[in-house]
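Next come the chains, spelled out residue by residue.
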Amino acid sequence: MPYKAGEHAHERVDKVSKSVRELLTQMKDTSEVIVDLAYAALMFDSEEIGAEVKKLEEEMDTLKYEIRIKAMLATRNKRDAVQLSGLLQIASAAEAISNAAGDIVKLLDLEIEKRPFLTFVLRDAEEKIRMLTVSDKSDMQNRSIQDLSVESETGMRIIAVKRGKRWVYDPDDTTNLKAGDILIVRGTEDGCRTLRRYAAGEAKWPAYPQEGS
Amino acid sequence: MDSLDEMLLEVKDTSELMIDLAYSSLLYSNRDIAEEVFSMEETVDEMVTQIQNEAINKVLEDRNVPKALAIVRLSTALEEISDAAMMIADVVLRELQPHPVIQLSLRESEVIITTAQVQEESILVNRTLGDVKLATQSGMWVIAIKRDRRYIYGPDEFTTIAAGDVLFARGPKDGEAYFKDIASGAVRV
């Protein structure tokens, strides 16, 4: 990041530490979604999701490189050095998690007929990963994930959306859902049952009275 | 599912819980939770060794090499995740407080960690987690409960909640307010 002449040292540090924060947040978020995607790739035997995991894994390498440089630039004294080395350790852990996710999707290279047992094992995990389709009867269509508050409403987090042939991974909250979208979700078994009913149009998405009205 | 599959599943669930606990220990600079992550890591190591032993022994009987290979590789990846959790928790056990940016960053994350104390008037009191379906209702997943000085890590659907419990939960930011209201008794549905 280029610095303007005359900029005060503390302003520089603030800028640097802000970017450290953003980078760390992004690494943490990626490390969480990448593991879910890796399991989803195994469960649904999807090379496409597997390829996304590999892509995210590469992005993590870049992020780690950037955060290392930013952290070094932000170091002014011993205390900074000690605290920032702790921060870098967390960044390394996030990268290690994404490497593990990369190793998990490598299982896709094994002969397919020998692998279904993994699907059965993963189906019984405490947190479930499931696939469901948004029907044209569902009132979820044409509304955004944020507007619906999907996760706080049902406990299910949408980790990927397939629309036609295209996949959107870790979709933004502003993503509008459409009829025909295939969702890969993660959460509880009964949350999944609930969400499945909304997605199928068998139940109406709950509406709450506006605050103050 | 045979016992090998069950162990594999247990290691998977534990590795995920460890990551959540490690971030919680950081957010609250909580050494108890950090130390629990360390002890879970030892358990995971032992289980992974046992899983790999059994998988290899099984190959001698059924000759299903790809299956054994898949089990060995998956369990190794799970061990890497649990090691990463330990690396995160390790930062809490250092002599200096974690860098303030870490906590800010955890609060800005897509998945946040929060706590709430269960009050007498809360509908959660004397009910099990399975019964109240907190994760389904609010998106907040309870990862630990502090009761007096003791902790219950990775509570399950049969765990009963008591007044005074401090719940540690993980979930979406917009589920936090409801979670806190349910615990405080402000919301009773």
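Draft legend 1. Region of interest: unusual backbone geometry. Residue and element names in this part refer to chain B. Even without glycine at this site, Ser29 takes up a positive phi of about 40°. By the secondary structure assignment, Ser29 is in the loop between helix 1 (3–27) and helix 2 (31–62). A count of 14 C-beta atoms within 10 Å places Ser29 in the partly exposed class. The backbone of Arg63 shows a phi angle near 60°, a positive value even though the residue is not glycine.

Draft legend 2. Quick peek at the sheet that holds strand 3 (residues 150–153) of chain B. All names here are of chain B. Spatially, 4 strands are ordered 1-4-2-3 in an open sheet, and the strand pairing comes out antiparallel. For this open sheet the edge positions go to strand 1 (111–117) and strand 3, each flanked by a neighbour on one side alone. Taking each pair of neighbouring strands and ignoring which way they run, the sheet shows an average axis angle of 20°.

Draft legend 3. Region of the structure containing the interface of chain A and chain B. At the interface, 47 residues of chain A touch 45 residues of chain B. Counting residues per element, the ones that place at least two in the side of chain A that touches chain B are helix 1 (9–43), helix 3 (78–105), helix 4 (116–123), helix 6 (150–154) and helix 7 (189–200) of chain A. Here the side of chain A that touches chain B gets 16 residues from one element, more than from any other, and that element is helix 3 of chain A. Looking at the side of chain A that touches chain B residue by residue, the class counts come to 18 nonpolar, 15 polar and 14 charged.

Draft legend 4. Representation of the sheet that holds strand 2 (residues 157–163) of chain A in the model. Residue and element names in this part refer to chain A. The 4 strands are arranged 1-4-2-3 in an open sheet whose pairing can be described as antiparallel. Pairing within the sheet leaves two strands with one partner each, and these edge strands are strand 1 (128–133) and strand 3 (166–169). For this sheet the average axis-to-axis angle between neighbouring strands, irrespective of direction, equals 20°. Taken together, the 6 bridges between strand 1 and strand 4 (residues 182–187) define a ladder with antiparallel strand orientation.

Draft legend 5. Here's a closer look at the environment of Ala93 of chain A. Looking at the secondary structure, you find Ala93 of chain A in helix 3. Spatially, the C-alpha atoms of Ala93 of chain A and Lys204 of chain A are 42 Å apart, while their sequence positions differ by 111 residues. With near-sequence residues (within four places) excluded, Ala93 of chain A lies in contact with Ala84, Met87 and Ile88 of chain B.

Draft legend 6. Representation of the domain arrangement of chain A in the model. All names here are of chain A. Each domain of chain A was delimited in the assignment, giving domain 1 (9–113) and domain 2 (126–200). Here the C-alpha centre of domain 2 lies 25 Å away from the C-alpha centre of domain 1. Tallying the contact residues gives 10 residues for domain 1 and 9 residues for domain 2. Looking at the side of domain 1 that touches domain 2, the elements with two or more residues in it are helix 1 and helix 2 (47–73). With 6 residues, the top contributor of residues to the side of domain 1 that touches domain 2 is helix 1.

Draft legend 7. Spotlight on the packing of helix 1 of chain B against helix 4 (residues 100–108) of chain B. All names here are of chain B. In the contact formed by helix 1 and helix 4, the axes pass within 9 Å of each other and the chain directions differ by 125°. One way to sum up the angle between helix 1 and helix 4 is to call them oblique. Regarding helix 1 and helix 4, the two cross each other, and that crossing is left-handed. Listed contacts from helix 4 to Tyr23, Leu26 and Leu27 of helix 1 are Ile102, Gln103 and Leu106. The class makeup of the residues in the contact of helix 1 with helix 4 is 5 nonpolar, 1 polar and no charged.

Calculation rules
- Residues numbered from 1 in each chain as written.
- Chains lettered and ligands numbered in written order.
- Predicted model: local features only at pLDDT ≥ 70, side-chain atom pairs only at ≥ 80, totals over all residues.
- Helix = DSSP H or I, 4+ residues; strand = E, 2+ residues; numbered from the N terminus.
- Buried ≥ 20, exposed ≤ 12 C-beta atoms within 10 Å, placed from the backbone.
- Pairing = 2+ DSSP bridges.
- Axes fitted to C-alpha atoms, helices over the stretch in contact; angles between N-to-C directions.
- Contact = placed C-beta atoms within 7 Å.
- Nonpolar A, V, L, I, M, F, W, Y, C, P; charged D, E, K, R; others polar.
- Domains from an automatic or database assignment.
- Parallel < 35°, antiparallel > 145°, perpendicular 65-115°, else oblique.
- Left-handed = near helix turned anticlockwise from the far one by under 90°.

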